[in-house]
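Spelled out, the chains give:
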Number of protein chains: 2
Amino acid sequence: MSRNTKHPGGRRPGSSSTRAAILAAARAGFAERGYGGTTIRAVAGAAGVDPALVLHFFGTKDALFAACLKLPPEIVARLPAAFAGDPDTLGERLTRTYLSLWEDPATGPALLAVVRSAVSSQDAAHLLGEFVGSLLLAPTAELGHALGQADAPELRVALASAQLVGVALSRYVVRLEALARADLEVLIAAVAPSVQRYLTGDITR
Amino acid sequence: MSRNTKHPGGRRPGSSSTRAAILAAARAGFAERGYGGTTIRAVAGAAGVDPALVLHFFGTKDALFAACLKLPPEIVARLPAAFAGDPDTLGERLTRTYLSLWEDPATGPALLAVVRSAVSSQDAAHLLGEFVGSLLLAPTAELGHALGQADAPELRVALASAQLVGVALSRYVVRLEALARADLEVLIAAVAPSVQRYLTGDITR
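Let me begin by describing the structure that accompanies this report. This one's a predicted model, so the numbers in the text were calculated from it and none came from an experiment.

1. Here's the deal with the overall build of chain A
Then, in step 1: Of regular secondary structure, chain A possesses 11 helices and zero strands.
Then, in step 2: For chain A, the α and β elements follow one another from N to C terminus as α-α-α-α-α-α-α-α-α-α-α.
Then, in step 3: Buried residues in chain A amount to 50% of all 205 residues.
Then, in step 4: When contacts within chain A are restricted to residue pairs at least 6 apart in sequence, long-range pairs at least 24 apart make up 65% of them.

2. Regarding the interface of chain A and chain B
Where interface size is given, it is often the accessible area lost as the parts come together that is meant.
Then, in step 1: Contact residues are listed per partner, giving 39 residues for chain A and 40 residues for chain B.
Then, in step 2: In total, about 3,100 Å² of surface goes out of reach between chain A and chain B, with carbon and sulfur atoms giving 61% of it.
Then, in step 3: Taken together, the links from chain A to chain B amount to zero salt bridges.
Then, in step 4: The interface formed by chain A and chain B holds nine residue pairs in polar contact (both at pLDDT 80 or more) in total.
Then, in step 5: Elements with a minimum of two residues in the side of chain A that touches chain B: helix H7 (108-119), helix H8 (122-147), helix H9 (153-173), helix H10 (177-180) and helix H11 (184-200) of chain A.
Then, in step 6: A per-element tally of the side of chain A that touches chain B places H9 of chain A first, with 12 residues.

3. Quick word on the packing of aromatic side chains
All names here are of chain A.
Then, in step 1: Overall, the coordinates contain six aromatic pairs over all chains when judged by the stated rule.
Then, in step 2: On the basis of an interplanar angle of 85° and a centroid distance of 4.7 Å, the ring pair of Phe30 and Phe65 is categorised as edge-to-face. In this pair, Phe30 is assigned in helix H1 (residues 16-33) and Phe65 in helix H4 (residues 61-68), connecting sequence segments 35 residues apart.
Then, in step 3: Here Phe30 falls in the buried class, since its relative accessible area comes to 2%.
Then, in step 4: You can call Phe65 buried: its relative accessible area is 1%.

4. Regarding helix H11 (residues 184-200) of chain B
Residues and elements named next belong to chain B.
Then, in step 1: The end-to-end C-alpha distance of H11 is 23 Å, a good match for the 24 Å that 17 residues give at a rise of 1.5 Å each.
Then, in step 2: Taken as a whole, H11 carries its principal kink of about 35° at Val191; the proline Pro193 stands between one and four residues after it.
Then, in step 3: Burial analysis of H11 places 13 of its 17 residues in the buried class, which makes it a mostly covered element.
Then, in step 4: The N-cap of H11, judged by a side-chain oxygen 2.9 Å from the amide nitrogen of Glu185 a few residues on, is Asp183.

Conventions and cut-offs
- Residues numbered from 1 in each chain as written.
- Chains lettered and ligands numbered in written order.
- Predicted model: local features only at pLDDT ≥ 70, side-chain atom pairs only at ≥ 80, totals over all residues.
- Heavy atoms only, no water.
- Helix = DSSP H or I, 4+ residues; strand = E, 2+ residues; numbered from the N terminus.
- Buried < 20%, exposed > 50% of the residue type's maximum accessible area, 1.4 Å probe, protein only.
- Contact = heavy atoms within 4.5 Å.
- Buried area = accessible area lost by both parts, 1.4 Å probe.
- Salt bridge = Lys/Arg side-chain N within 4 Å of Asp/Glu carboxyl O.
- Polar contact = N/O pair within 3.5 Å; in protein donor to acceptor, adjacent residues only side chain to side chain.
- Phe/Tyr/Trp six-rings, centres within 6.5 Å; stacked < 30°, edge-to-face > 60°.
- Expected span 1.5 Å × (residues − 1).
- Bend = angle between axes of the 7 residues up to and from the residue.

Printed below as a string of structure tokens:
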């Protein structure tokens, strides 16, 4: 798809059709080569625009991916931000942040839609899982180094995300009665120590 | 609803092999097309019987699905059996039993079919939740009384099941790389303390 960015009398680069073309190219790229194998440059090339224009619309590759999945951009910002603060209460902050995104009427329905479409497609679910992992991996590895416990950050992130996804699916999608009716603070208090242990504790016993 | 149980020249409607053929066709259908995409008519067609015969045996599609959920029977037997033994190592036994059912080629594919159907249908998910809850609730409540910690057995069971389902989904369905490649014993050691705390520990902090 050719996109003349000089656009004499044509569409302006800021037009929604240019944004849509970039999204289409990005979706095709992520689907074909995965998250890690897709670059801003390649997406721009496939959409026939300058890479700067991709960054102008989406800011980062993370945000572009989130837009492809129709993930609320708050997720990209808020989940890693939960790592700021006392490492001993990281589990509580991350659990609270994650569940709050589900509770929030501005982001919850979008998360539900993403998860529902992800569970109907193995590829989408895999991409989504690896993406969420990529959001948490760098701060987890960094924290591990700071705490002198830098083993297996990928496994730690995967365990924490499996725990949080399991709770969210059971409470918001499957609506297991005992979890759906539980008070949010009770739930955070119950789940946070597990997330804490997965991210910073002894997972080998 | 018509219940034509006459069967000139075919298999006897009451035979267990006919019932087994219907169940096998239903399991294949649910696995392939999910709960919503599977009809009584399609199951009957795949089993080579009249739709009325499916209704004769199972009554409704929900009941047919529930019958599929109860298979493999190993699940019904093995999960509650994990409660026998030292209460301090219940988390390890239940995690091992649950993940082993997923690892076992005799039971893993059936579990995958159940979970795929459950995530694509709210009704099926409720059925699955009630089913798992019914398996674990009685022994959890009983253990709680024995340990003098009899609070919120429904929430405990739901938290343990959300944890286990989250790990199974991430490892066997979504196939998050770090979980899919993890050694089973490493995974059991990492997850068991969470399951233990949910079932018998302090979940209120």
